[in-house]
Structures are given as structure tokens and as C-alpha cells.
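So you can see what is in the structure, the chains are spelled out below.
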Amino acid sequence: TGGHTTEILRLLSCLSESYSPRHYVLADSDKMSEAKIRSFEQKRAETFSKSQFSLDRIPRSREVRQPWISSVLTTLYSILYSLPLTYKRKPDLILCNGPGTCVPVCLSAFLLGLLRIKRTIIVYVESICRVETLSLSGKILYYFSDYFIVQWPDLKKKYRKSVYLGRIV
Amino acid sequence: FRFKDSLAEDLQSADLVISHAGAGSCLETLEKGKPLIVVINDKLMDNHQLELAKQLHRDGCVLYCNCSTLVETLQSMDLSALKPFPPGQPEKFASFLDKVFGLQ
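Quantities reported herein were computed from a predicted structural model and do not represent experimental measurements.

1. Topic: the packing of helix α3 (residues 68-89) of chain A against helix α4 (residues 102-114) of chain A
Residue and element names in this part refer to chain A.
- The geometry of α3 relative to α4 is characterised by a closest axis approach of 8 Å and an angle of 60° between their N-to-C directions. Comparing the axis directions of α3 and α4 gives the class oblique. Handedness of the α3/α4 crossing: right-handed. Contacts between α3 and α4 involve T75, S78, I79, S82, L83, T86 and Y87 from the former and V103, P104, V105, L107, S108, A109, L111 and L112 from the latter.

2. Digging into the side chain of R44 of chain A
All names here are of chain A.
- Topologically, R44 is positioned in helix α2 (residues 33-47).
- On the basis of relative accessibility, which here comes to 7%, the residue R44 falls in the buried class.
- There is a polar contact of 3.4 Å between the side chain of R44 and the backbone oxygen of S16.

3. Remarks on the UniProt feature "transmembrane region" (unreviewed entry) in chain A
Residue and element names in this part refer to chain A.
- Per the UniProt entry, the sites bearing "transmembrane region" (unreviewed entry) are residues 67-87 and 93-115 in this numbering.
- The straight-line gap between the two end C-alpha atoms of residues 67-87 is 30 Å; of that span, 95% is helix and 0% is strand.
- When the span residues 93-115 is considered, its composition is 57% helix and 17% strand, and the gap between its end C-alpha atoms is 17 Å.

4. Some remarks on the side chain of S51 of chain A
Residue and element names in this part refer to chain A.
- With respect to the helices and strands, S51 occurs in the loop between α2 and β2 (53-58).
- On the basis of relative accessibility, which here comes to 16%, the residue S51 falls in the buried class.
- Polar contacts involving the side chain of S51 include one to the side chain of R22, which spans 2.7 Å.
- Not counting residues up to four positions away in its chain, the partners in contact with S51 are E17, R22, E41, R44 and A45.

5. Section: the interface of chain B and chain A
- The partner chain A presents 28 residues to the 26 residues of chain B that form the contact.
- The junction of chain B with chain A conceals about 2,400 Å² of combined surface from both sides, 65% of it contributed by carbon and sulfur atoms.
- Ranking the residues of chain B by area buried against chain A places E51, F93 and F96 of chain B at the top, with a combined share of 26%.
- At the boundary of chain B and chain A, one finds 3 salt bridges.
- If you look at where chain B meets chain A, you find 9 residue pairs in polar contact (both at pLDDT 80 or more).
- Of all elements in the fold, only α2 (23-31), α3 (47-58) and α5 (90-100) of chain B reach the threshold of two or more residues within the side of chain B that touches chain A.
- With 9 residues, the single largest contributor to the side of chain B that touches chain A is α5 of chain B.

Calculation rules
- Residues numbered from 1 in each chain as written.
- Chains lettered and ligands numbered in written order.
- Predicted model: local features only at pLDDT ≥ 70, side-chain atom pairs only at ≥ 80, totals over all residues.
- Heavy atoms only, no water.
- Axes fitted to C-alpha atoms, helices over the stretch in contact; angles between N-to-C directions.
- Helix = DSSP H or I, 4+ residues; strand = E, 2+ residues; numbered from the N terminus.
- Parallel < 35°, antiparallel > 145°, perpendicular 65-115°, else oblique.
- Left-handed = near helix turned anticlockwise from the far one by under 90°.
- Contact = heavy atoms within 4.5 Å.
- Buried < 20%, exposed > 50% of the residue type's maximum accessible area, 1.4 Å probe, protein only.
- Polar contact = N/O pair within 3.5 Å; in protein donor to acceptor, adjacent residues only side chain to side chain.
- UniProt positions renumbered as here; feature names shortened; annotations may be inferred.
- Buried area = accessible area lost by both parts, 1.4 Å probe.
- Salt bridge = Lys/Arg side-chain N within 4 Å of Asp/Glu carboxyl O.

Here it is as C-alpha cells:
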């Protein structure tokens, strides 16, 4: 959604074409991100002719302030929904930055890794808005990601396994 | 106006921006090098929006007030004391990922 999409496109801006094809996963309720992504990819195609990407949508795992118990159920549903998608794409890398949508996708990839079907490297970049505390997605994925990147030093101090590269968006 | 696709034009022609503490608003304004006063609404605020606003204030990049102190802030502000906001560096991220995948 919105801010997350802008941040993640900035993260992608300096990546080489080795990171291709790119599969974007969006919440079904997200109306604005698709346009931003297409615009980004269009510009990219001007420089890198063989650039490829795709867009998939999954049910939103949690609404803002949705109560805990129903969140667990909707997230479980989203994980089940994501499994065939992750299995089909078998990504080498999953890059995410915090919207609720990313949790089921990452967990489904983690599961496929446990089952020895595909080992995906999960890189989580916490949003630049998070200076002192992690988002809920961050708190969960801190334990499931291969690299957990934070953008402010306070978070690096609190979360020892995290990576601090300064501000990257 | 209620909603525009992009505030880029308005931001470009502004001399001063007064905004809520949304990250997008703050960062877009600072990146254009415009002076920014962030107004915190104690009643509506989501805690996490405050984190970025507070940090930007600590770094001396924005002025900070709430609805009741806005007028006073506008009267006594010294915009020249605001520090520039250095842009983020996505190339560091690209470099990091390249190392992870042995692409260097």
C-alpha cells in the first residue's frame, strides 16, 4: 500500500538486472500501488530492454486495528492462499518492507524452505518511519527473515541480529 | 482540495510547508529542500507516526508543534536554523544485496 510501495520502489531503484524477473505481490484491496509499479517498470524497461515483471494479488491478511484473534485466522487463510503462488514462482529472493501482505508470503516461503521444496532468501527492510519500535510485521518476520534491515541506529541496538546500512530510501 | 495524485508541483512552489506527521508528506517536503513545520494532533495520532517526526526534529530538520501552539511557532520561527535533510542511499542496499548473492 501507498507508503510501503513508494519505499520498496526506491529500494529497487539501484538494483541491477540480475534481480529479474520481478514478481510483485499486492493486497487485493490495494488500488494505488499497481499504477506506481507499472510506471517504475516502464521507466526501467527504457534502460534494460529485457526487463520482466508480473503482478499477483492476494487477500489482505489484516485490516488496520483488526482484533487479534480474527487477525490470526485471516493471516492463516492468506498463508494458505500464498502457498500455491510461492510454489509456482519459487523465488530466490523475497524482498519486503512491512505491509501486512508480506507476512503470509514470507511465511509460505519459509514453509517451503522447511519442506525442502525451495530455499528462498527473505530480506526484510523495516520502513523509514520506524525509528524506535518495529512494526507488527517486523516483529514477526525478525525471526523468519535471513536479513532484517533497519534504517535507524536505535533499532539496531534493540535488535542485535538486524543490519543497519543507514537510510536507504 | 481533498486529494491530488501528486503534490510535487505545489511543494516545488511553496516557501514553507505546514503538515501533519505522515512520513510521505514529511519526506517529500524535506527532499525538495522546503522548510517544514510538523503539526502533531495528540488526539488522532497513531503513535508510530510520531517516531519519525520526533527524530526529524531531534536532527534539526523540522519544526514541531501541536494545533494550539501553531500560531506561536509561526510567529517565533527561525527557518534558517533548520538543517538540510540528506537523501537516503538505495545504492547501499543494492551493494548489500549484491554481496549476499555473490554478485560483486
